[in-house]
Amino acid sequence: MGPPMNEHAKPLTLSERADELEERMMHELGERIATKSTLFNIADGKVEMPNGPALKAANPDKYFLMGADPRLPKMPAKPTLIDFFNNRFASLNHLLQSATHALKGGHSEKVVLACLLHDIGVASFIRADHGYWGAQMIEPYVDEEVSWAVRTHQALRFFPDPSVGYEYPEMYIKYFGADYKPEPYIVREYERARNHKYYMTSRLICVNDIYSFDPDAKVNLDDFVDIIGRNFKQPKEGLGFDNTPSSHMWRTLMWPTRFL
Ligand SMILES: [Fe+2]
Ligand SMILES: [Fe+2]
């Protein structure tokens, strides 16, 4: 005779685990229902959005969340770039290492700031086209040289420049395969960028875009507070509330699970 069946010891299926997680998240939220935008589901391979009426019917005594998500770090009423660094950027190490590298290389403050901000699209928002997203977020607050450089590093990263000793990244061969070819729009972006007056600023992001993370390297956002202060026009109303073309991006990052 085999061992007795024990229903309770059976491991949960993936969807049971997802339900449990959903349930726990709801619980932590207390009286509010947080909703996921379509993008979050698309990232899981499902073109789906939450059904508002059904969610409301299942939680008749609750309202949808329309403000801060209590599961996320609290943001101040007038958030600064530093507040986003500390509370909404998932990883700072790469950004700080790149900026530290640029600072040690004696580059201008614009280059150092560009390195510090070059991957905030990835750190905060979305990986795909991160250079474009990141540039759009910072465009109203930095010199156009900085936002141009952040946008364009998206393309320049894939093309070597022997004049500054920049090679196609070894890591990309590992990550994307030896036969990976950038999309035609990336090739065209690179070709447009080559003769641009800010080409070298963006190229310097690539040169300082280091992936050999040293876990013991002492990198600290405090080292860049002055450079941010001099080169990032912090709005007095707080990022998100200053009515620029990218204010909504900062607000969405601050309150990503609002129903509307
Ligand atoms: Fe990048
Ligand atoms: Fe990077």
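A. The arrangement of the overall build of the chain in detail. The secondary structure content of the chain amounts to 14 helices and two strands. Put simply, the chain has 260 residues, and 40% of those count as buried. Expressed as a percentage of contacts within the chain between residues at least 6 apart in sequence, the contacts between residues at least 24 apart total 71%.

B. View of the side chain of D242. For D242, the location among the structural elements is in the loop between α13 (225-231) and α14 (247-254). It is R251 that comes nearest to the buried, bridge-free D242 among opposite-charge side chains, at 6.4 Å. Here Y141 takes part through its side chain, which lies 2.6 Å from a polar atom of the side chain of D242. At a separation of 3.5 Å, a polar atom in the side chain of D242 contacts the main-chain amide nitrogen of G240. Once residues within four sequence positions are removed from consideration, D242 is found in contact with Y141, P235, E237 and S247.

C. Structural context of helix α12 (residues 199-208). In terms of burial, α12 is a largely internal element, eight of the ten residues being buried. All buried positions along α12 are accounted for by Y199, T201, S202, R203, L204, I205, C206 and N208. At its buried positions, α12 is contacted by α5 (93-104), α6 (109-117), α9 (144-156) and α11 (184-193).

D. Geometry of the packing of aromatic side chains. A full pass over the atoms with the stated rule returns 15 aromatic pairs. For the ring pair Y172 and F176, a centre distance of 5.0 Å and an interplane angle of 55° mean the geometry is tilted. Separated by four residues within a single helix, Y172 and F176 lie in helix α10 (residues 170-176), roughly one turn from each other. Look at F176 and you get partly exposed, because its relative accessible area is 39%. Members of the aromatic cluster, joined through ring pairs, are F158, Y168, Y172, Y175, F176 and Y180.

E. Structural context of the coordination of the iron ion (ligand 1). The iron ion (ligand 1) binds to the protein through D119 (OD), H130 (NE2) and H153 (NE2); the donor distances cover 2.1 to 2.2 Å. Each donor residue of the iron ion (ligand 1) lies on one chain, and together they are spaced D-x10-H-x22-H. Between the two metal centres, the iron ion (ligand 1) and the iron ion (ligand 2), the spacing is 3.7 Å, with D119 acting as a shared donor. Remark: H130 occurs in helix α8 (residues 130-138) and D119 occurs in the loop between α6 and α7 (120-124); sequence separation between them is eleven residues. The buried category is assigned to D119, whose relative accessible area is 7%. Judged by relative accessible area, which is 14%, H130 ranks as buried.

F. The arrangement of the coordination of the iron ion (ligand 2) in detail. Protein-derived coordination of the iron ion (ligand 2) comes from H94 (NE2), H118 (NE2), D119 (OD) and D209 (OD), at a distance range of 2.1 to 2.2 Å. Angles of 80 to 169° at the metal separate the four donor atoms of the iron ion (ligand 2), which places the site in the irregular class. Mapped onto the sequence, the residues coordinating the iron ion (ligand 2) show the spacing H-x23-H-D-x89-D.

G. Region of interest: α5. The terminal C-alpha atoms of α5, which comprises twelve residues, lie 16 Å apart, in line with the 16 Å expected from a rise of 1.5 Å per residue. Structurally, α5 contributes buried residues whose contacts are with α4 (81-87), α6, α7 and α12. Looking one or two residues beyond α5, the residue adopting positive phi is G106, at roughly 75°.

H. Highlighting a nonpolar patch on the surface. On the surface, a cluster of nonpolar side chains totalling about 330 Å² of accessible area is made up of M66, F259 and L260. Mapped onto the elements, F259 comes out in the segment after α14. Classification of F259 by relative accessible area gives partly exposed; the value is 35%.

I. Geometry of unusual backbone geometry. The residue D129 is not glycine, and still its phi comes out positive at about 55°. With respect to the secondary-structure elements, D129 resides in the loop between α7 and α8. The exposure class of D129 is partly exposed, given its relative accessible area of 29%. Phi at N243 takes a positive value of approximately 55°, unusual for a residue other than glycine. Mapped onto the elements of the fold, N243 is located in the loop between α13 and α14. For N243, a relative accessible area of 74% translates into the label exposed.

Conventions adopted
- Along each chain, residue indices are assigned from 1 in the same order as the chain's sequence is written.
- Lettering of chains starts at A and numbering of ligands starts at 1, both following the order in which they are written.
- Since the coordinates come from a predicted model, pLDDT governs what is reported: local features require at least 70, and pairs of side-chain atoms require 80 or more to be given and counted, while whole-chain, interface and lining totals use all residues.
- Each side-chain value is worked out from all heavy atoms of the structure, with water and hydrogens disregarded.
- Labels follow the DSSP assignment, with helices taken as runs of H or I lasting at least four residues and strands as runs of E lasting at least two, numbered in each case from the N terminus.
- Exposure classes here rest on a 1.4 Å probe applied to the protein chains alone. A residue is buried below 20% of its type maximum, exposed above 50%, and partly exposed in between.
- Two residues form a contact once any of their heavy atoms are found within 4.5 Å.
- Charge convention: Lys and Arg are scored as positive, Asp and Glu as negative, and His as well as the terminal groups of each chain are ignored.
- For salt bridges, the criterion is a side-chain nitrogen of Lys or Arg within 4 Å of an Asp or Glu carboxyl oxygen.
- Under the rule applied, a polar contact is a pair of N or O atoms within 3.5 Å (in protein, one hydrogen donor and one hydrogen acceptor; residues adjacent in sequence only if both atoms are side-chain atoms).
- For Phe, Tyr and Trp, rings pair up if their centres lie within 6.5 Å, where Trp contributes its six-membered ring, and each pair is then called stacked (planes under 30 degrees apart), edge-to-face (over 60) or tilted (otherwise).
- With water excluded from the atoms, a metal site may look incomplete; its donors are any N, O or S atoms within 2.8 Å, or within 3.2 Å for Na, K and Ca.
- Any site counts as irregular unless it has four donors with all angles between 85 and 135 degrees, making it tetrahedral, or four or six donors with opposite ones more than 155 degrees apart and the rest between 65 and 115, making it square planar or octahedral.
- Multiply 1.5 Å by the residue count of a helix minus one, and that product is the helix's expected span.
- Patch membership is restricted to residues that have no salt bridge and whose relative accessible area is over 30%. Joining uses 9 Å for like charges and 5 Å for the nonpolar side chains Val, Leu, Ile, Met, Phe, Trp and Tyr.
- To be clear on the numbers: accessible area is Shrake-Rupley with a 1.4 Å probe, and residue cover counts the displayed protein chains and nothing else.

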